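# Tertiary structure, described
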Amino acid sequence: MALPKPASESDLSVLSTSASRYVRDSLPRYKMPDNSIPKEAAYQIIHDELLLDFKPKLNLASFVTTLMEPESDKLIMESINKNYVDMDEYPVTTELHNRCVNMIAHLFNAPLGDSEDAIGVGTVGSSEAIMLAGLAFKRKWQNKRKAQGKPYANPNIVTGANVQVCWEKFARYFEVELKEVKVREGYYVMDPAKAVEMVDENTICVAAILGSTYNGEFEDVKLLNDLLLEKNNQTGWDTPIHVDAASGGFIAPFIYPELEWDFRLPLVRSINVSGHKYGLVYAGIGWIIWRTKQDLPEELIFRIKYLGAEQSTFTLNFSKGSSQIIAQYYNLIRLGQEGYRNIMENCHENAMVLKEGLERTGRFNIVSKDHGVPVVAFSLKKKNGGHDEFEVSEMLRRFGWIVPAYPMPADAEHITVLRVVIRAEFSRTLAERLVQDITNVLHDLDKLPPKLIVGEEEKQENGGGALVKRKSDLETQRDITTYWKNYVVAQKAIKRQKVAAS
Amino acid sequence: MVITTTTPGSDEHICSTFASRYVRTPLPKFKMPEQAIPKEAAYQIINDELLLDGIPRLNLASFVTTWMEPECDKLIMASLNKNYVDMDEYPVTTELQNRCVNMIAHLFNAPFGETETAVGVGTVGSSEAIMLAGLAFKRKWQARRKLEGKPYDKPNIVTGANVQVCWEKFARYFEVELKEVKLSEGYYVMDPVKAAEMVDENTICVAAILGSTLTGEFENVKLLNELLVKKNKETGWDTPIHVDAASGGFIAPFLHPELEWDFRLPLVKSINVSGHKYGLVYAGVGWVIWRSKEDLPDELVFHINYLGSDQPTFTLNFSKGSSQIIAQYYQFIRLGFEGYKNIMENCTENARMLKEGIEKTGRFDIVSKDVGVPLVAFSLKDSSKYTVFQISENLRRFGWIVPAYTMPPNAEHIAVLRVVIREDFSRTLAERLVTDIDRVLKEMDEVPSSHVSAKAAHVTTTVDETQDGNGGRKRVEKSVRETQEEVINTWRRFVASKRTGVC
């Protein structure tokens with residue numbers, strides 16, 4: 001007699017994932033589970049949980065690319081199992097990398113002969129690129145000081161307070177002092193004159209930003225170069241410049257070709273750019289280009305025998321995927337200069353549409369410039385009704401938009417801005433929709449009571465223009481309760497009137 | 001009258017890529033092209049050129065994973081456009097990373113409570129992980145020395161000469177002296193006794209490797225710990241240990257759980273492991289775990305207001321893809337402990353099978369050990385006729401990439417071939433490899449000795465030197481011209497005598 005198998009032992013592979021027990025078991029979070037589970041179940045579980053992440057395309061906070069063409073996606077998937085550092089095994093991939101370096105170096109007007117190889121390398125992002133550049137400057141400066149017999153224990157670097165955090169990391173991890181030029185209200189980037197003042201004999205370089213994170217502005221590298229040349233003539237210190245073109249490096253050459261910010265300026269010795277920002281590649285790729293061989297000290301380059309073949313390496317990371325490098329090359333040859341130019345012009349156009357839409361609401365000050373990275377940074381005109389930019393940002397999330405709000409850097413921290421980054425995939429339709437949603441959010445906020453900040457002196461215009469002075473906690477609570485009571489009563493009255501009228 | 005104008009390239013979109021002009025125009029290699037080209041053409045051109053790369057799965061040189069399940073590929077594709085560092089925007093992805101850190105910390109027996117969060121981070125690979133760990137050690141040591149009022153400008157680190165290059169990078173870039181324990185013939189890892197001897201007051205840590213790159217061997221971390229505990233008691237220097245478990249970290253816990261190498265040893269303060277080696281994920285993910293909060297100096301952690309929300313960051317890289325982290329989590333829950341164990345057992349079995357096949361040829365000495373990373377490193381018993389480098393080159397003709405290299409000081413006269421057994425290296429492939437090695441050996445045997453190629457002339461000279469110690473074979477000096485003539489004559493004879501059956 002055949003005994004039927006109990007249901008729990010029947011063929012699990014027959015059950016659909018949702019019917020199986022895998023969606024009932026809670027996944028361990030601290031320890032690896034003891035048993036395996038079918039791959040379909042693993043996929044489904046993870047995929048479902050990831051639905052709760054926000055949509056990358058609507059993440060208007062980030063400069064990093066969120067959309068590439070399907071052909072590029074195919075190339076990425078096909079090369080996802082290639083370890084970039086196996087140069088001997090994947091010579092074509094290595095060559096594509098070198099071609100990218102050459103193309104970008106030429107884009108930045110590096111002083112190269114016609115078939116001379118540029119000095120540069122692909123990195124995982126601008127952070128790594130900046131650390132490599134900083135390391136090169138530090139080593140060069142140390143060697144110079146040793147040769148002069150002077151102390152070399154206190155290197156410093158001069159930047160604006162608007163630098164991205166990777167400069168602070170570089171300074172702290174590599175033991176270099178960070179001398180920040182403070183910004184001020186209305187002038188949110190590094191002032192070249194102040195920067196040059198701060199340069200001393202221990203300065204390894206001055207870092208200028210092409211495309212400030214806070215408002216997209218391009219710093220005046222040409223002026224910095226001129227002023228620094230003058231100072232170098234006087235002091236003989238020969239302080240160089242590094243341009244952090246993380247965002248601007250793939251914008252300026254296409255829509256502002258006459259702007260001199262790159263190797264055309266003699267003091268610029270290295271430039272970094274993020275392939276994953278306006279290089280239009282997914283996250284995970286940056287580039288660093290040096291002016292000449294002399295700007296990259298030999299002692300920092302490792303010539304190793306890796307897996308049996310000789311190769312040179314000067315990056316912080318070793319093994320990494322090849323996909324983004326191939327994707328960068330795809331973009332460079334697929335789009336060409338014409339394609340990049342068109343895209344950047346579109347971004348700029350859409351940024352203007354958004355900016356004008358925001359101006360028309362009459363409630364915002366535009367803090368970003370027209371000239372620069374296509375970014376619209378704006379702050380509320382008056383703290384009317386006690387609402388601030390953080391609340392606007394919170395409420396926009398309900399509509400699905402992620403628009404960050406943050407204070408400006410040191411010495412202008414009292415200014416808070418909202419910032420929308422216009423990426424290549426941010427169409428005009430989305431821009432118009434965003435303006436609409438921002439207008440809706442403002443309406444909603446107007447109806448809400450003000451965000452009372454307890455214990456702070458505040459001047460508020462409350463109906464009859466009476467000044468509100470410092471209050472104790474209890475008094476404030478009573479005020480709030482009374483306010484809400486009145487508000488609710490008033491609303492009820494309005495409703496009754498409406499009902500009576502209809 | 002209608003005037004027809006032909007706009008250049010008006011009907012190009014109907015041409016198949018190979019009919020279009022795009023496959024005739026040379027691609028610029030130094031400057032960005034001026035014009036755009038259709039995406040299909042761009043794809044085809046790049047895809048075709050990449051056909052000339054080696055095949056990742058036949059790349060037996062690398063530890064890095066080259067195959068994942070299609071479901072995982074789907075997850076990877078879907079998360080390519082998520083920038084990992086946007087923690088506020090992608091909270092689930094961030095949490096998956098944290099879960100991975102917890103799981104790995106538990107795997108390494110980190111001493112923390114059931115629901116406590118481990119201290120660790122995902123990196124782009126073991127290089128970044130090691131630099132972070134080294135930075136933490138350096139900072140802790142400096143802080144301690146400052147307190148003691150002693151000089152802190154000459155930190156050093158003690159490792160074996162068999163370390164991977166990222167340790168040398170760390171030393172050079174972060175200005176730490178590298179004190180290497182030299183190897184000796186037959187002992188290709190760091191000797192714990194010698195290492196403990198080399199430790200001085202400026203040593204920030206001793207780095208032991210679990211799974212040496214060259215031979216796959218596990219270093220004796222337990223012995224190192226005991227010796228160092230003793231020395232610390234005498235000197236009061238409190239020198240810690242870091243374990244570079246780049247390869248071994250995902251092998252030892254499954255195959256050798258009784259082996260004490262991790263946080264069970266009190267002096268081990270941090271461990272790094274490559275997710276993209278035996279963590280079974282594609283290239284681009286590594287992990288570093290610290291024993292406790294005290295081992296990661298607070299001043300190295302940045303709390304930044306990035307895009308509007310506060311988040312802590314302690315990595316060298318900032319923006320990067322999320323795909324590999326999600327893939328790592330997929331592997332953890334998909335395979336679980338038993339899955340990883342099964343895979344590692346399979347790898348070990350296939351390695352053993354390959355080793356036996358190679359031993360059966362009778363021509364090789366096996367240099368790798370049985371306990372360790374599943375790889376087979378072998379050297380030629382007799383290198384007089386040809387070297388492992390030539391075998392490696394000839395194996396390429398069959399499609400295999402098997403690297404050959406010399407050992408580090410002081411064993412540079414030993415050259416080995418090394419085959420790494422990854423998850424996707426099945427028994428069938430192992431048997432095929434043995435067959436092909438046999439074939440290569442036979443071919444090379446037929447070619448008369450010391451005339452294999454002019455290029456090998458200098459290699460032959462090297463080989464002759466090593467025989468000096470074994471039996472005093474004399475070095476035969478030849479001029480380049482003579483060698484070339486001999487080579488040509490030999491090949492003529494060789495070709496004449498060969499019967500291939502192909503007409």
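Here's what I pulled together on the structure shown here. Keep in mind the model is a prediction, meaning the values are calculated, not measured. All chains use their own residue numbering, which begins from 1 and follows the written sequence. Just so you know, chain letters begin at A and ligand numbers begin at 1, following the order they were written in. Only residues with pLDDT of at least 70 get local features here, since the model is predicted, and only at 80 or more are side-chain atom pairs given and counted; chain-wide, interface and lining totals rely on the full set of residues. Hydrogens and water molecules were not included; the side-chain quantities draw on all heavy atoms of the structure.

Looking now at the overall build of chain A. Counting its regular elements, chain A contains 12 helices and 13 strands. Think of it in three bands: with a 1.4 Å probe and only protein chains considered, a residue is buried below 20% of the maximum accessible area for its type, exposed above 50%, and partly exposed in between. Across the 502 residues in chain A, those meeting the buried criterion constitute 56%. If you take every contact in chain A between residues at least 6 apart in sequence, the share linking residues at least 24 apart comes to 69%. By element, 51% of the accessible surface of chain A is carried by carbon and sulfur atoms, the whole surface being about 22,000 Å². In this description a helix means any DSSP run of H or I spanning at least four residues, a strand means any run of E spanning at least two, and both kinds are numbered starting from the N terminus. Any pair of residues with heavy atoms lying within 4.5 Å of one another is described as a contacting pair. Reported accessibility uses the Shrake-Rupley method at a 1.4 Å probe radius. Residues are deemed covered only where the shown protein chains occlude them.

Taken together, the contacts link 115 residues of chain B with 117 residues of chain A. Throughout, buried area stands for the accessible area (probe radius 1.4 Å) lost by two parts on being put together, summed over both. In this assembly, chain B packs against chain A so that about 10,600 Å² is buried in total across both faces, 60% of it on carbon and sulfur atoms. Sorting the residues of chain B by area buried against chain A places Phe30, Met32 and Tyr173 of chain B first, and these three jointly supply 8% of that buried surface. Throughout this description, the term salt bridge denotes a Lys or Arg side-chain nitrogen within 4 Å of a carboxyl oxygen of Asp or Glu. For the pair chain B and chain A, the interface holds 13 salt bridges.

So, on to the pairing of strand β1 (residues 119-123) of chain B. Residue and element names in this part refer to chain B. Counting buried residues in β1 gives four out of five residues, a clear majority hidden from the surface. As paired elements, β1 and strand β7 (residues 286-290) share five bridges and run antiparallel to each other. Bridge pairing links Val121 to Val288 in β7. Here the rule is simple: two strands pair whenever DSSP picks up at least two bridges between them.

Here we come to the environment of Arg439 of chain B. Structurally, Arg439 of chain B is set in helix α11 (residues 427-446). We classify Arg439 of chain B as partly exposed; its relative accessible area is 42%.

Note on definitions: the grid is 1 Å and covers protein atoms alone; a cavity is a set of points where a 1.4 Å probe fits but cannot get out; a pocket is an open set with protein on both sides within 12 Å along at least five of seven lines; lining residues have an atom within 4 Å of a point. Grid points are joined across faces, edges and corners, and a volume is the space filled by probe spheres set on the points. Scanning all chains against the criterion turns up nine cavities of 30 Å³ or more. The computed volume of the largest cavity comes to approximately 290 Å³. Along the walls of the largest cavity sit 22 residues, with Gly284, Gly321 and Gln324 of chain A together with Gly284 and Gln324 of chain B positioned nearest its centre. Mapped by element, the contributors of at least two residues to the lining of the largest cavity are α9 (323-361) of chain A together with α9 (323-360) of chain B. Residue classes in the lining of the largest cavity are distributed as 10 nonpolar, 10 polar and two charged. In this count, Pro and Cys sit with the nonpolar residues alongside Ala, Val, Leu, Ile, Met, Phe, Trp and Tyr, while Asp, Glu, Lys and Arg are called charged and the others, Gly among them, polar.

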